[in-house]
Amino acid sequence: MNTDSVASLLLEAASLMLIGMVFVFSFLGLLILGIHLIAKFCSVFPGEVASESVVADRRANAQQPSVEGSITDGSGIEKNVIAAISAAIHAHRKTNKNS
Amino acid sequence: MDKLLLLWESTALAHFEMGQLVMMLVGFGLLYLAIVKKFEPLLLLPIGFGALLTNIPIAGFSEAGGLLHYIYKIGIDTGVFPLLIFMGVGAMTDFSALIANPKMLLLGAAAQFGIFATLFGAIALNLLPGFEFTLKDASAIAIIGGADGPTAIFLASRLAPDLLGAIAVAAYSYMALVPIIQPPIMKALTSKAEREIKMGQLRFVSQREKIIFPLAVLFLTILFLPAATPLVGMFCFGNLMKECGVVDRLSKTAQNELINTVTIFLGLAVGSKLSAEAFLTVETLGILGLGAIAFAIGTATGVLMAKLMSKLSGGDINPLIGAAGVSAVPMAARVVNKVGLEANPHNFLLMHAMGPNVAGVLGSAVAAGILLALVG
């Protein structure tokens, strides 16, 4: 291949590199914004919309391993919070009985 | 005597050409790597065997009427197989690490620099005698730097079908070599103190977020880069099947039976492209060399970007995780974890590295879409 055509191809490759990287960054940057929006949406509507019971049911059925300490049931109360409270009540009653 | 001659003519011995023998050795080499060295055996085994079959004289596996010819035509010429694989990969991918820490997308983007730098390098190789890469060829070679097998095969089948065999072999070989290629680069670019940085625990990601995420990705792709929708669309479809939870049967099929079936045929079809006339060229050497460079540059830019983010964020990002930006899921993330553990035996970076790792998959699919849109 002669040097002239290689030079023009190189120029084209360089412009592709520039456009490509700018586009990849802006696309994924936009996605970052998108994820933040989704997170915000999900914290505003944590699950009391129609699909809530389905989600809760399925979660009970599937019993998928989830991040420990942050499993929520349908009402949005963390299960381990309930567990902690009931353990505390249990301990409280026990100490009261003893005294 | 005539009969004897006829019998001799019908043996392979009378028809072997040097190139076929060499390619059969290449096939055996791939089988050796798969079986003994356990390098990406799921792909290199069918590819190696396909290379053996396609180089058998007289049998004509890859000529019109032969089995491999049809498998190639149906699955790769049309682009169907890599897309089905992508659906399966989507059904196996868990985005929660990325959703919990969306900044990691920047690392996935930075690592794609390997692709575009290699595109430049492939064109520059034309200055040497014996190389004549067009812009399409160069783009197909460069995508090796995306470290994503199905993406590389998809793009090569669109842009440079003649180079597909070499590109696929290079892509899968380098993915298997990630644990050897990456650590020296990662160590050279970071100090021990940086490698020891511990990262805070990731927040919990609700199922609702995981369901909306693939739809949002697809929506953005539809708006800004329709050329990437075959790849991203199938990927998001697979992921949605996994996360929505109502089609567990379909999701399981996509992650197991379907992807396994397609992998068998994809491997054989790629192997059928390893014929002497297509593979034994100086261009193949160039492709293998460029692939390694693409990988190295992608790793380096990922780590450098992570260093920058670490500096800007006040040092709560371990720069090692940038190396996982070159997809190669989950191998690259495991390598990050291993190098992190070497610096600090109590520092487990695996979950943090999964974020840039899956971001890299999205990034390379986006890069492939850009190349398709601008070059294809």
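Residues numbered from 1 in each chain as written. Chains lettered and ligands numbered in written order. Predicted model: local features only at pLDDT ≥ 70, side-chain atom pairs only at ≥ 80, totals over all residues.

Chain B goes by Oxaloacetate decarboxylase beta chain in an unreviewed UniProt entry, where it is assigned to Alteromonas hispanica. Quoted verbatim from the Subcellular location (unreviewed entry) field of the UniProt record, the comment on chain B reads "Cell membrane". (UniProt positions renumbered as here; feature names shortened; annotations may be inferred.)

For chain A, an unreviewed UniProt entry supplies the name Probable oxaloacetate decarboxylase gamma chain and the organism Alteromonas hispanica. The annotation that UniProt attaches to chain A under Function (unreviewed entry) is "Catalyzes the decarboxylation of oxaloacetate coupled to Na(+) translocation."

Engineer: Any chance you could break down the overall build of chain A for me, citing the residues and the numbers?
Structural biologist: When its secondary structure is counted, chain A shows three helices and zero strands. Secondary structure elements of chain A occur, N-terminal to C-terminal, as α-α-α. The buried share of chain A, reckoned over its 99 residues, is 12%. (Helix = DSSP H or I, 4+ residues; strand = E, 2+ residues; numbered from the N terminus. Buried ≥ 20, exposed ≤ 12 C-beta atoms within 10 Å, placed from the backbone.)

Engineer: Any chance you could break down the overall build of chain B for me, citing the residues and the numbers?
Structural biologist: Along its length, chain B carries 21 helices and zero strands. Relative to the compact-globule value of 21 Å for 376 residues, chain B shows a C-alpha radius of gyration of 22 Å, a close match. With respect to the three principal axes, the spread of C-alpha positions in chain B is 85 × 50 × 40 Å. A burial count over chain B gives 58% of its 376 residues as buried. Sequence-distant contacts in chain B: of pairs separated by 6 or more residues, those separated by 24 or more amount to 76%. (Rg over C-alpha atoms; globule rule 2.2 N^0.38 Å. Contact = placed C-beta atoms within 7 Å.)

Engineer: Hey, could you go over the nonpolar core for me, with residue numbers and the actual values?
Structural biologist: In this structure, Ala156(B), Ile167(B) and Val336(B) are the most contacted members of the largest nonpolar core, which totals 149 residues. Setting aside anything within four residues of it in sequence, one finds Ala156(B) in contact with Ala140(B), Pro161(B), Leu163(B), Leu164(B), Ile167(B) and Ala168(B). (Core = buried A, V, L, I, M, F, W, Y, C linked by C-beta atoms within 7 Å.)

Engineer: With reference to specific residues and values, describe the packing of helix 1 (residues 3-44) of chain A against helix 8 (residues 113-124) of chain B.
Structural biologist: Between helix 1 of chain A and helix 8 of chain B, the least distance of the axes is 9 Å, while the angle of their chain directions is 175°. With respect to their mutual orientation, helix 1 of chain A and helix 8 of chain B come out roughly antiparallel. On helix 8 of chain B, the residues touching Val6(A), Leu9(A), Leu10(A), Ala13(A), Ala14(A), Leu16(A), Met17(A), Gly20(A) and Met21(A) of helix 1 of chain A are Phe113(B), Phe116(B), Ala117(B), Leu119(B), Phe120(B), Ile123(B) and Ala124(B). Counted by class, the contact of helix 1 of chain A with helix 8 of chain B contains 15 nonpolar, one polar and no charged residues. (Axes fitted to C-alpha atoms, helices over the stretch in contact; angles between N-to-C directions. Parallel < 35°, antiparallel > 145°, perpendicular 65-115°, else oblique. Nonpolar A, V, L, I, M, F, W, Y, C, P; charged D, E, K, R; others polar.)

Engineer: Outline the interface of chain B and chain A, supporting the account with residue identities and numerical values.
Structural biologist: At the interface, 40 residues of chain B touch 31 residues of chain A. Taken together, the elements giving at least two residues each to the side of chain B that touches chain A come down to helix 7 (104-110), helix 8, helix 9 (135-142), helix 14 (207-224) and helix 21 (350-374) of chain B. Top element by residues in the side of chain B that touches chain A is helix 14 of chain B. It accounts for nine residues. Classifying every residue of the side of chain B that touches chain A by side-chain character gives 29 nonpolar, seven polar and four charged.

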